[in-house]
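# Observations on chain architecture
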Amino acid sequence: MTGAAATKPAYSRHSRALLAPSVVALFLWMIVPLAMTLWFSAERYNLLSPGKNSFAGWGNYRDLLAHRALWVAMGNTLLLVGLVLVITLFFGTLFSLLLDQDFPGRNLCRLLVIAPFFVMPTVSALIWKNMLMNPVFGLFAWITRSVGLGAIEYFSHMPLLSIVLIVGWEWTPFAVLILLPALQSLNPEQVEAARLDGAGPVALFRHIQLPHLLRPMAVVAMIEMIFLLSLFAEIYVTTGGGPGLASTNLAYLIFRDALLGWDVGRASAGGVIAIVLANIVVLFLMRVAGRNLEDVR
Amino acid sequence: MAIESTVLAWNRTWRVLALAATVAIAAWILYPRGGRPELTVATVNNAEMILMQRLSRDFEKQNGVKLNWVVLGENTLRQRLTIDISTGSNTFDVITIGSYEAPLWGERGWLVPLDDLGKDYGYDDIFPVVRQGLSYQGRMYAAPFYAESACTYYRKDLFRKAGLEMPVQPNYEEIRHFAQRLNDPAHNVYGICLRGEPGWGQNTALISMLIHRFGGRWVDMDWKPQLTSPPWVEAVSLYVDLVRNDGPPGAIADGYNENRALFANGNCAMWVDATSGAGALLDPSQSRVAGTTGFARAPMAKEGRGGTWMWCWGLAIPSSSTRASLAKRFVKWATSREYIATAGERFGWMRIPPGSRQSTYENPAYLAAAPFAPLVHEAILSADYTQPSVLPVPYVGLQYVGIPEFQAIGTEVGQEISAALAGHVTVEQALALAQSEVERALKGRSRK
Amino acid sequence: MTNSRRKRWGLTIAGGAVAMAMFFPILWMFITSFKTEITAVATPPAVFFRPTLENYAAVLERADYLAFARNSIVVSLGATLLALALAIPAAYSMAFFPSRRTRDILLWMLSTKMLPAVGVLVPVYLLWRDLGLLDTVFGLILIDSISVLPIVVWMLFSFFREVPAVILEASRMDGASQTEELVNVLLPLCTPGIAATALLSVILCWNEAFWSLNLTTVKAATLTAFTASFSSPEGLFWAKLSAASTLSIAPILIFGWLSQRQIVRGLSFGAVK
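Just so it is clear, the structure is predicted and the values come from calculations on it, not from any experiment. Chains are numbered independently. Their residues run from 1 in the order of the written sequence. For this description, chains carry letters from A and ligands carry numbers from 1, given in the order in which they are written. In keeping with the predicted nature of the model, local features appear solely for residues at pLDDT of at least 70, side-chain atom pairs appear and are counted solely at 80 or more, and the whole-chain, interface and lining totals rest on all residues.

### Focus: the overall build of chain C
Numbering of helices and strands runs from the N terminus; a helix is a DSSP stretch of H or I covering at least four residues, while a strand is a stretch of E covering at least two. Along its length, chain C carries 14 helices and zero strands. Along chain C, helices and strands appear, N-terminal first, in the series α-α-α-α-α-α-α-α-α-α-α-α-α-α. Taken along its principal axes, the extent of the C-alpha atoms in chain C is 70 × 70 × 30 Å. Burial is judged by counting the other C-beta atoms within 10 Å of a residue's own C-beta: 20 or more makes it buried, 12 or fewer makes it exposed, and any count in between marks it as partly exposed, with every C-beta position built from the backbone. Counting across all 273 residues of chain C, residues that qualify as buried make up 59%. Put simply, of all contacts in chain C between residues at least 6 apart along the chain, 77% involve residues at least 24 apart. Any residue pair is listed as a contact if its two C-beta atoms, each placed from the backbone, are within 7 Å.

Below is the structure:
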């Protein structure tokens, strides 16, 4: 029985007063950047023409929404987030299942699997781009050439997928970090009982482990989404959004269109559009995985 | 039970946190601070600037100053500096900017004019085109640190083996022919390496030089974009053909650095790019082809005029700095003839900041150490900053257009062209898309 | 039993393969930091070479590593502590005194985090400048704690929800007040969860590069700015970048590995029995 629905607190009004300051601080903390963004999004404000600000109303939004690139970027954003989520959840679960078993060297393996999460994204991307994926002097090219497969031009032929690969690598350890302990916290008696009933590993997974993992998976998905929707560094460092718009996501588009041109108004409008998109995605996911927040009543 | 053990864990966690906090605070308090006047200097992380950082310890001692350095990659630095200076924040005393920003920021009054550094500064020694690139309406807003033009790097050994000879002034037809002959993917050697990475300072810079060479221009005198004009199509088609047929795989991700690494590693027979790579390519510790690298002028098209390259890094002082006179002393020191001489003697003549002063190219020690020096000298002298194209243009800038919108425009155009390079679209389609992007960005700009 | 022994060794091999696949790029970066620049881009990639410390020497000579490291430590810990201080009461309120609004608040907090930093760069920069927070450690702590707050609240909320009501009821029966209930009963119970959340927050703040680069210059710059200063100059730089990066992830990697058991224990959902 979880804490939420079970008790009807006796002094809830008092408690709310006690806790109000921190919730209010939280509000203020969040609302200030948001308010500033909304304010600037209605202005025509270019950093290189200071003092010439004017009210733009919906002008910035109209400019952005009429631009074909915005829709391509939104699509890329969703694709990027979706694919990385799938990869990290899939491999995160797989690796967790593996690391849940007891075998010699398990602790060391766990350490190494988690390591990528500690590296700065810019550096990760540079290592992948130049040391590993470069078709001339990268390691992957050397390996594939040695077995006669020639070199794959990752960033020309599959720019978005290359980025998905890099980001998936960065975030799978995070999924493992959350899913593995969840697996390990499974009630051992339940598992034992199932085994005695003759359940094989697949049935065990489907009926016991997977349901238990659904809630941590939702947490992983939610947190990853927060970061992935505004992914920027990896794209900036590897493909520069290209070729064409193939690897441009919303954050990179805002950077290019608005920041490189120093159009603060347009950057802010782009930010607001990003939040709206993010909210839609989150609401959609909530509906799909509705169970998770439903018991907050 | 569970509660006791968790309470114990609780105490332990508190103790660890408290210890960590104490360590952090102690380090913070005990960190030494001095009492000398301080200058905050922002610079790019290129090799020449790193040497300046090292030599500046002399300056600190001579002047009783402490220098605080902010060293960043070019793009990050530019972003940082632009925000800073356009909002009038008093953060930096000396900044490193290029010939793109200097006139724009000078125009807006964000920089301190540097025409009063003294008679011994040698203003006449600075190349006129370099000085022009850093000035606005005749006043110099940044002191030149080093400048570059463009050239053709090539492998003398590969040319010899194939029985070919690189003329001092090649044209693009010859380059095409050479690239075809020398392209040898089986041995990981490619005919020609050219920038492919999208970016206003990456592939667009090269394209800009190319279209100007072929007699094109970015906009006409009414600021109407010309990206679908025949010179553009011809230049970009040549570029795409060259790279797709005789260039390395994955050229789309190769900017200046990657190409320099490829050439230094022996993977390119030719490389057309900025002259600033010359010193490193002749240095055996940085290049496997140090003994066989040759230099020729940047290729010509049939026009024979226009389409050169000039980029200059300079030191400037924001108007909002409260230490302008001290900053001026530093700027004068770092960009003087004496500095170049000291750098040459201390670190070797290949590592001095090149391309800014006539005296550098009259210095026998430098000429002896740098075989490419006459070529670079010539290239810089032939660059006409205000006449990028044979056609009249309303803008300045050779491999860029000196307007504030250009960073965004250049990057957008670069992205579209890289799509053609990747084979996703044809050259005409890419240029049509790029044209509409530039039209959108320049809406409202007309002949003033 | 040989069968299960064989199975265990099979698992070791599988585990080792997975671990190597994940760790390999970092290992490669680490190896590259001991190569000369020209060896780093050699084809074929050099697996055997004469190692050198010149990159580390160059990196350490050029920048004051300890100053950057100190700032990273202070900012990461400070932002985490600040975020925890705000998030614990808020998560407590949301977990145990939920209203219809709770879900909306949670959603809304998450959505503000999804605002791309590039979109809000100039407004925040201007605000920080006017408040005198540019290039201060406190300014960085503030923006990092804002960035990390939604996640901290979310995770703490999830952990608090796992606590059985009976325990809190019991303490209330014993006459504990609100604060006492929170501090003396709930927090000790959830220590592993709080520790795990704290660690996650520390890692996220440690790797935070965008604000560190844009809001600091000299005094408050962290290790991410240190690493960035070796990135993308003109010329070969990957060996030096690898060295700088190894130096900047070393502290957090060691810290993370040492406290690994805490994390794993702490992140166990439903482990409070």
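### A closer look at the overall build of chain B
What chain B contains, in helices and strands, is 17 helices and ten strands. For this measure, only C-alpha atoms enter the radius of gyration; the expected value for a globule follows 2.2 Å times N^0.38, where N is the number of residues. Over its C-alpha trace chain B gives a radius of gyration of 25 Å, about what one expects of a compact globule, namely 22 Å for 448 residues. By principal-axis analysis of the C-alpha atoms, chain B measures approximately 75 × 75 × 55 Å. A buried classification covers 54% of the 448 residues belonging to chain B. For chain B, the proportion of contacts with a sequence separation of at least 24, taken over those separated by at least 6, is 75%.

### As for helix 12 (residues 324-334) of chain B
Among the residues making up helix 12 of chain B, those that are buried are Ala-327, Lys-328, Phe-330, Val-331, Trp-333 and Ala-334 of chain B. Buried residues along helix 12 of chain B sit in contact with strand 1 (38-44), helix 2 (47-63), strand 3 (94-98), strand 6 (143-148), strand 10 (311-316) and helix 13 (337-347) of chain B.

### Quick notes on the interface of chain B and chain A
By a widespread convention, an interface's size corresponds to the accessible area lost as its parts come together. Taken together, the contact between chain B and chain A spans 29 residues of the former and 25 residues of the latter. Within the residue set of the side of chain B that touches chain A, elements represented by two or more residues are helix 3 (74-86), helix 10 (256-265) and helix 16 (406-421) of chain B. The element best represented in the side of chain B that touches chain A is helix 16 of chain B, accounting for nine residues. Broken down by class, the residue content of the side of chain B that touches chain A amounts to 13 nonpolar, twelve polar and four charged. Each residue receives one of three labels: charged for Asp, Glu, Lys and Arg, nonpolar for Ala, Val, Leu, Ile, Met, Phe, Trp, Tyr, Cys and Pro, and polar for the others, Gly being one of them.

### Observations regarding the nonpolar core
A set of buried Ala, Val, Leu, Ile, Met, Phe, Trp, Tyr and Cys residues, joined through C-beta atoms within 7 Å, is what we mean by a nonpolar core. Grouped together as the largest cluster of nonpolar side chains are 325 residues, with contacts concentrated most on Ala-142 and Met-270 of chain B together with Ala-87, Ala-91 and Leu-156 of chain C. Ranked by residue count, the leading element in this core is helix 4 (residues 65-96) of chain C, at 18 residues. Leave out the neighbours within four places in its chain, and Ala-87 of chain C touches Leu-149, Val-152, Val-153 and Leu-156 of chain C.

### What about the interface of chain C and chain A?
Each side of the interface is counted separately: chain C has 88 residues, and chain A has 93 residues. No other element matches the 15 residues that helix 1 (residues 2-32) of chain C contributes to the side of chain C that touches chain A. Among the residues forming the side of chain C that touches chain A, the class breakdown is 60 nonpolar, 22 polar and six charged.

### Side note on the sheet that holds strand 7 (residues 150-155) of chain B
Residues and elements named next belong to chain B. Strands are labelled as partners when DSSP assigns at least two bridges between them. Taken in spatial order, the three strands make up an open sheet running 8-7-9, and their pairing is antiparallel. Two strands close off the open sheet at either side, each with one partner strand: strand 8 (270-274) and strand 9 (293-297). On average, each strand axis in the sheet is inclined to that of its neighbour by 30 degrees, with strand direction left out of account. Pairing geometry for strand 7 and strand 8, over five bridges, is antiparallel. Within strand 8, the residue paired with Cys-151 across the bridge is Asp-273. Those strands touched by helix 10 are strand 7 and strand 8, and its axis lies near 140 degrees from that of strand 8. Note on definitions: angles span 0 to 180 degrees between N-to-C directions of axes, and those axes are lines fitted to C-alpha atoms, for helices only across the stretch in contact.

### Examining the packing of helix 9 (residues 230-246) of chain B against helix 17 (residues 427-441) of chain B
All names here are of chain B. Viewed as axis vectors pointing N to C, helix 9 and helix 17 meet at an angle of 125 degrees, and their least axial separation amounts to 10 Å. When the axes of helix 9 and helix 17 are compared, the pair comes out oblique. The two elements helix 9 and helix 17 meet at a crossing, and its hand is right-handed. Counted together, Trp-232, Val-233, Val-236, Ser-237 and Val-240 of helix 9 and Val-427, Glu-428 and Leu-431 of helix 17 form the full contact between these two elements. The residue inventory of the contact of helix 9 with helix 17, partitioned by class, reads six nonpolar, one polar and one charged. Roughly parallel here means an angle under 35 degrees, roughly antiparallel means over 145, roughly perpendicular means 65 to 115, and every remaining angle is called oblique. Less than a right angle of anticlockwise turn of the near helix away from the far helix marks a crossing as left-handed, whereas a clockwise turn marks it as right-handed.

### As for the sheet that holds strand 10 of chain B
Residues and elements named next belong to chain B. Within the open sheet, the five strands sit side by side as 2-1-3-10-6. Their pairing is mixed. Edge positions in the open sheet fall to strand 2 (66-72) and strand 6, since each of these has one partner strand only. The sheet shows a mean angle of 20 degrees between the axes of neighbouring strands, direction not considered. Judged from the seven bridges that link them, strand 1 and strand 2 form a sheet pairing that is parallel. Opposite Val-44, over in strand 2, you have Leu-72 as the bridge partner.

### Thoughts on the environment of Thr-172 of chain A
Residue and element names in this part refer to chain A. Examined against the element boundaries, Thr-172 turns out to sit in helix 9 (residues 159-184). Residues Thr-172 and Phe-284, spaced 112 residues apart in sequence, show a C-alpha to C-alpha distance of 23 Å. Excluding its chain neighbours within four sequence positions, the residues that come into contact with Thr-172 are Thr-88, Phe-91 and Gly-92.

### Observations concerning helix 10 of chain B
Within helix 10 of chain B, ten of the ten residues are buried, which leaves it mostly tucked inside the rest of the structure. Buried within helix 10 of chain B we find Tyr-256, Asn-257, Glu-258, Asn-259, Arg-260, Ala-261, Leu-262, Phe-263, Ala-264 and Asn-265 of chain B. Those residues of helix 10 of chain B that are buried are in contact with strand 7, strand 8 and helix 11 (278-281) of chain B together with helix 2 (37-40) of chain C. Positioned one or two residues after helix 10 of chain B, Gly-266 of chain B has a phi angle of 95 degrees, which is positive.

### Thoughts on the environment of Leu-164 of chain B
Residues and elements named next belong to chain B. Positionally, Leu-164 belongs in the loop between helix 6 (156-161) and helix 7 (172-182). Distance in space between the C-alpha atoms of Leu-164 and Val-413 is 35 Å, their sequence separation being 249 residues. Excluding anything up to four places from it in sequence, Leu-164 contacts Phe-159, Phe-178 and Arg-181.

### Details of the pairing of strand 7 of chain B
Residues and elements named next belong to chain B. Counting buried positions over the six residues of strand 7 gives six, a clear majority of the element. Burial of strand 7 is two-sided: the residues Ala-150, Thr-152 and Tyr-154 facing one way and the residues Cys-151, Tyr-153 and Arg-155 facing the other way are all buried. When strand 7 meets strand 9, the two strands line up antiparallel, connected through five bridges. Bridging across to strand 9, Arg-155 finds its partner in Thr-293.

### Concerning unusual backbone geometry
All names here are of chain B. A positive phi angle is found at Asn-188, which is not glycine, with a value near 60 degrees. Relative to the elements of secondary structure, Asn-188 occurs in the loop between helix 7 and helix 8 (203-213). One non-glycine residue, Trp-223, adopts positive backbone phi at about 65 degrees. Inspection of the secondary structure puts Trp-223 in the loop between helix 8 and helix 9.

### A few points about the environment of Gly-122 of chain B
Residues and elements named next belong to chain B. The topology assignment puts Gly-122 in the loop between helix 4 (101-107) and helix 5 (128-133). Among the residues examined, Gly-122 registers 16 C-beta atoms within 10 Å and is labelled partly exposed. Sequence spacing of Gly-122 and Arg-337 is 215 residues, and the spatial spacing of their C-alpha atoms is 7.8 Å.

### Section: the pairing of strand 1 of chain B
Residues and elements named next belong to chain B. Burial analysis of strand 1 places six of its seven residues in the buried class, which makes it a mostly covered element. Consider the strands pointing away from the viewer: the crossover is right-handed when the path from the first strand over the helix to the second runs clockwise. Between strand 1 and its parallel partner strand 2, the chain crosses via helix 2, and the hand of that crossover is right-handed. By the bridge criterion, two bridges tie strand 1 to strand 3 in an arrangement that is parallel. Bridged to Val-41 within strand 3 is Val-94.

### Focus: the packing of helix 5 (residues 106-114) of chain A against helix 1 of chain C
A packed helix pair is summarised by two numbers, namely the angle formed by the two axes and the spacing between the axes. Running from N to C, helix 5 of chain A and helix 1 of chain C point in directions that differ by 25 degrees, and their axes come no closer than 8 Å. Considering the angle they form, helix 5 of chain A stands roughly parallel to helix 1 of chain C. As helix 5 of chain A packs across helix 1 of chain C, the resulting crossing turns out to be left-handed. Contacts between helix 5 of chain A and helix 1 of chain C involve Arg-106, Cys-109, Leu-112 and Val-113 of chain A from the first element and Gly-15, Gly-16, Val-18, Ala-19, Met-22 and Phe-23 of chain C from the second. For the contact of helix 5 of chain A with helix 1 of chain C, the residue count by class is seven nonpolar, two polar and one charged.

### Considering the confidence of the model for chain C
Residue and element names in this part refer to chain C. Across the chain, each position has a pLDDT score giving the predictor's confidence in that residue, from 0 to 100. Residues at a pLDDT of 70 or more form 91% of chain C, whose mean pLDDT is 83. Of all secondary-structure elements in chain C, the lowest mean pLDDT belongs to helix 14 (residues 260-266), at 64, while helix 11 (residues 210-215) reaches the highest, 91. With a pTM of 0.87, the predicted complex shows an ipTM of 0.84.

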